[in-house]
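Chain by chain, the residues run as shown.
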Amino acid sequence: MIDAADAQADAAARDLIDAQADAVEPLLRALVVVIDDRATENPDPNRLGLLVGELLEEGHYHVDATVAVVGDEVEIRNALNTAVIGGVDLVVSVGGVGVRARDVAPEATEPLLDRRLRGIEEALRTSGLSAGATDGGLSRGLAGISGQTLVVNLADSRAAVRDGMATLIPLSRFIIDQISEF
């Protein structure tokens, strides 16, 4: 049985470890692109964009912005390209990865990528299916490197976002460390 003093010491140790991890881990920059045909009516990012931003901040990212664009290949490509040119470490798009005619995020993303990261794509699909997020498991979303930026497409259900971000954040730090050596 743990007494109050031990519990307090354990909590203090955890706080110290967390503080050291925060001090050692550099803050990385991210941008979130929400693909939503309602973006023309309401340019504010939707709740999934806000969720991605919160999860990124918990993962020690500074979210430069969350932007909403319509499901148009040119609009999506421009938003992603702006993030890459802006020098963010990670850009996450949400939506547009299904099989409907307006789901063109993969087609908009592919020309920007210098290297595809098929392992990340499959990890996101596998984790989506495991979490019961059918859209995440069947997603056509891509992941890859564009310059010094990691670019990832996620499906647009809450479960796909939540599980996808849990899978992506630890992998993203490793990848960003690797590409920053170029």
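Data block above holds the structure.
Please read all numbers here as calculations on a predicted model, not as lab measurements.

A. How the structure looks around the pattern of salt bridges. Applying the stated criterion to the full structure yields 8 salt bridges. Glu107 is the partner of Arg140 in a salt bridge, and the nearest nitrogen-oxygen pair spans 2.8 Å. Here Arg140 is found in the loop between α6 (134-137) and β5 (143-146), whereas its partner Glu107 is found in helix α4 (residues 105-109), with 33 residues between them in sequence. Glu107 gets classed as partly exposed once you look at its relative accessible area, which sits at 32%. Note that Glu121 and Arg125 form a salt bridge whose closest N and O atoms lie 3.7 Å from each other. Taken together, the residues Glu121 and Arg125, both in helix α5 (residues 118-130) and 4 residues apart, mark about one turn of the helix. For Glu121, a relative accessible area of 4% puts it in the buried group. The structure contains a network of salt bridges with shared partners spanning Glu110, Arg116, Glu121, Glu122 and Arg125.

B. Main features of the packing of aromatic side chains. Under the criterion given, the structure shown has 0 aromatic pairs. Residue placement shows Arg173 over the ring face of Tyr61; its charged tip is 5.5 Å from the ring centre.

C. Broad picture of the packing of α5 against helix α7 (residues 158-179). Contact geometry for α5 and α7: axes closest at 8 Å, N-to-C directions at 155 degrees. On the basis of their axis angle, the class for α5 and α7 is roughly antiparallel. For the pair α5 and α7, the crossing hand works out as right-handed. Contacts between α5 and α7 involve Ile120, Ala123, Leu124, Ser127 and Gly128 on the former and, on the latter, Asp163, Gly164, Thr167, Leu168, Leu171 and Ile175.

D. Structural context of the pairing of strand β6 (residues 149-154). Within β6, 6 of the 6 residues are buried, leaving the element largely enclosed by the surrounding structure. Pairing between strand β3 (residues 90-94) and β6: 5 bridges, direction parallel. From the neighbouring strand, Val91 faces β6, where its bridge partner is Val151. If you look at the hairpin formed by β5 and β6, you'll find 2 residues sitting between the two strands, and Gly147 has a positive phi there, around 65 degrees.

E. View of unusual backbone geometry. In this structure, His60 takes a positive phi of about 70 degrees despite not being glycine. Given a relative accessible area of 26%, His60 falls into the partly exposed group.

F. Representation of the layout of surface pockets. Volume-wise, the largest pocket comes out at about 210 Å³. Taken together, 15 residues line the largest pocket, and the ones lying closest to its centre are Ile35, Asp36, Asp37, Arg100 and Asp156. Its residues placed into classes, the lining of the largest pocket shows 4 nonpolar, 4 polar and 7 charged. What lines the second largest pocket is simply Gly95, Gly96, Val97, Gly98, Val99, Arg100, Asp103, Asp135, Leu138, Ser139, Ala155 and Asp156. Split into classes, the residues belonging to the lining of the second largest pocket amount to 4 nonpolar, 4 polar and 4 charged.

Rules used throughout
- Residues numbered from 1 in each chain as written.
- Predicted model: local features only at pLDDT ≥ 70, side-chain atom pairs only at ≥ 80, totals over all residues.
- Heavy atoms only, no water.
- Salt bridge = Lys/Arg side-chain N within 4 Å of Asp/Glu carboxyl O.
- Helix = DSSP H or I, 4+ residues; strand = E, 2+ residues; numbered from the N terminus.
- Buried < 20%, exposed > 50% of the residue type's maximum accessible area, 1.4 Å probe, protein only.
- Phe/Tyr/Trp six-rings, centres within 6.5 Å; stacked < 30°, edge-to-face > 60°.
- Lys NZ or Arg CZ within 6 Å of the ring centre and 35° of its normal.
- Axes fitted to C-alpha atoms, helices over the stretch in contact; angles between N-to-C directions.
- Parallel < 35°, antiparallel > 145°, perpendicular 65-115°, else oblique.
- Left-handed = near helix turned anticlockwise from the far one by under 90°.
- Contact = heavy atoms within 4.5 Å.
- Pairing = 2+ DSSP bridges.
- 1 Å grid on protein atoms, 1.4 Å probe; cavity = no way out; pocket = protein on both sides within 12 Å on 5 of 7 lines; lining within 4 Å.
- Points joined across faces, edges and corners; volume = space filled by probe spheres on them.
- Nonpolar A, V, L, I, M, F, W, Y, C, P; charged D, E, K, R; others polar.

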